[in-house]
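Examination of the molecular architecture
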Amino acid sequence: MYCIKKITNDLVWVGANDRRLAMFEGVYSVPKGVSYNSYLLLDEKTVLFDTVDKAVQHRFLENVAAVLGSRNLDYFVIQHMEPDHTSAIMEIMRIYPKVKIVCNEKTLSMIKQFFDFHLDERVHIVKENDALATGKHKLHFFMAPMVHWPEVMVVYDSIDKVLFSADAFGCFGALNGAIFADEVDFLKDYMDEARRYYSNIVGKYGVQVKNLLEKLSAHSIKMICPLHGFVWRKDLDAILSKYKLWSAYEPEECGVMLAYASIYGSTENATEILASKLRDNGIKTQMFDVSVTDASEIISAAFRWSHLVLASPTYNMGVFVSMEALISDLAAHNIQNRTIGLIDNGSWASASGAKMRESFSKCKNINILNETLSIKSSLKEEQLKEIDLMAEVIKNTMSK
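These figures come from a predicted structure and were not determined experimentally. (Residues numbered from 1 in each chain as written. Predicted model: local features only at pLDDT ≥ 70, side-chain atom pairs only at ≥ 80, totals over all residues. Heavy atoms only, no water.)

**A few points about the nonpolar core**
The nonpolar side chains of soluble globular proteins are, as a tendency, buried together. The test is simple: Buried Ala, Val, Leu, Ile, Met, Phe, Trp, Tyr and Cys residues that are joined via side-chain atoms within 4.5 Å together make up what is termed a nonpolar core. Throughout this description, buried means an accessible area under 20% of the type-specific maximum (1.4 Å probe, protein chains only), exposed means over 50%, and partly exposed covers the range between. Helix and strand assignments follow DSSP, with helices taken as H or I runs no shorter than four residues and strands as E runs no shorter than two, numbered in order from the N terminus. By definition, residues are in contact when any of their heavy atoms lie within 4.5 Å.
Grouped together as the largest cluster of nonpolar side chains are 122 residues, with contacts concentrated most on I7, F141, M257, L310 and M323. Considering each element in turn, this core owes the most residues, 6 residues, to helix α6 (residues 191-202). Among all residues touching L310, those that are not within four sequence positions of it are M257, A259, M323, L326, I327, I340, G341, L342, I343, M356 and F360.

Here it is in structure tokens:
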């Protein structure tokens, strides 16, 4: 049985939710599930925007059939070729043999990479600023390369002022019966998932996201329909303002994310004491054990806070394995414009501090504090003044 949601008089959500998926893209945990959004426009010509992941393909096809009824599908717009949005391409082409695929040249090349069937005569190629009239609606196409694949494009309905934003403005989490962001407490229940989605999926490509935001600023947008998460119809600035910060790698809040690796508890203890001192100074903190926390959550927090503290024991004359992976991940996501404090621990030789510093030297506009804490096996009473100094320096850098 179908499950659909009305977006506007002419637009219907025909996507599906997946709560059984454990790891999105095989990398990011999704304990709250994920939605795969597809939209169907009912005009003089019918238009389908994208499909869904193969795990929920059956439900999606039921939804499309229920909305179309006896009507044919005229256009099939492919904004993004990632398989979680295109797995049902061949089924759509089989069920609706007269449908015309609307895509750009790069998308067409990728279709041929993923699928083995001849479709050139069934494709309508669009370029930057091209338009397609479907009756009373008019669709405009804008290329959005590397947000977050090279073929991505977004579509703007200039009549209803609706932006079909592909993977931009997406969010982890199943929709649980709702469809609009204003139907839930988005700030409380979903903003962390929106940040985690952005920072991990799109975060590396801040420049490209910023370019897209500038391009879209020339158009009045009343609704945003992403491929994951909720549709935005009210208070659009709540998500747009976040994207402006994230794409510029500017922190949302002044505060400290503390991430530590600890083998027998001594490095954890030092980090805990520093966090306590920071709180005593009125500074917000958020702590993570990198050995038990999904890396995507820590990456997300790094995009949120102005200051980062990383603590690691020396392990095989280097940085502890999970911390080394985290720092590599942070650098790969272009983290920048942050102040960083370091804590290292070494029982007979301490190498982790220097190696962590070296890893961050490749990142832009990173201020690594000279005031570090080096532990030999366990924290000593006389080193508490070093923690006090680090807390004081962090506080002073926030007031500048």
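Next comes the rest of the description.
**Things to note about the sheet that holds strand β1 (residues 5-6)**
Inclusion rule: The pairing criterion for strands is at least two bridges between them, as found by DSSP. Axis lines are fitted through C-alpha atoms, for helices just across the contact stretch, and the angle between N-to-C directions can take any value from 0 to 180 degrees.
Reading across the sheet, the 7 strands line up as β1-β2-β7-β8-β9-β10-β11 and stay open at both edges, with mixed pairing between neighbours. With partners counted over all chains shown, the strands left at the sheet margins are β1 and β11 (123-125), one partner each. Where strand β7 (residues 39-42) meets strand β8 (residues 46-49), 4 bridges bridge the pair, whose relative direction is antiparallel. Following the sheet pairing, Y39 is matched in β8 by F49. Contacting β2 (11-13), β7 and β8, helix α1 (residues 57-68) runs over the sheet at an angle of about 10° to β7. This element, helix α4 (residues 105-114), spans β10 (100-103) and β11 of the sheet and lies at about 120° to β10.

**So, unusual backbone geometry**
Here V147 and H148 are connected by a cis peptide whose omega angle stands at 5°. With respect to the element layout, H148 can be found in the loop between β13 (138-143) and β14 (153-157). In this structure, D50 takes a positive phi of about 65° despite not being glycine. Summarising the element assignment, D50 is placed in the loop between β8 and α1. You can call D50 buried: its relative accessible area is 1%. One non-glycine residue with positive phi stands out, namely N365, at about 50°. Position of N365 relative to the elements: it lies in the loop between α12 (352-360) and β22 (366-368). When its relative accessible area of 57% is taken as the criterion, N365 is described as exposed.

**Here's the deal with the sheet that holds β14**
Ordered by their spatial adjacency, 5 strands build an open sheet running β12-β13-β14-β15-β16, and the pairing between neighbours is mixed. In this open sheet, the two edge strands, each paired with only one partner strand, are β12 (131-133) and β16 (223-225). Taken over all neighbouring pairs, the strand axes of this sheet differ in orientation by 20° on average, direction set aside. Of the strand pairs in this sheet, β12 and β13 are connected by 3 bridges, and their pairing is antiparallel. Residue L132 lies in a different strand from β13, and its bridge partner there is L139.

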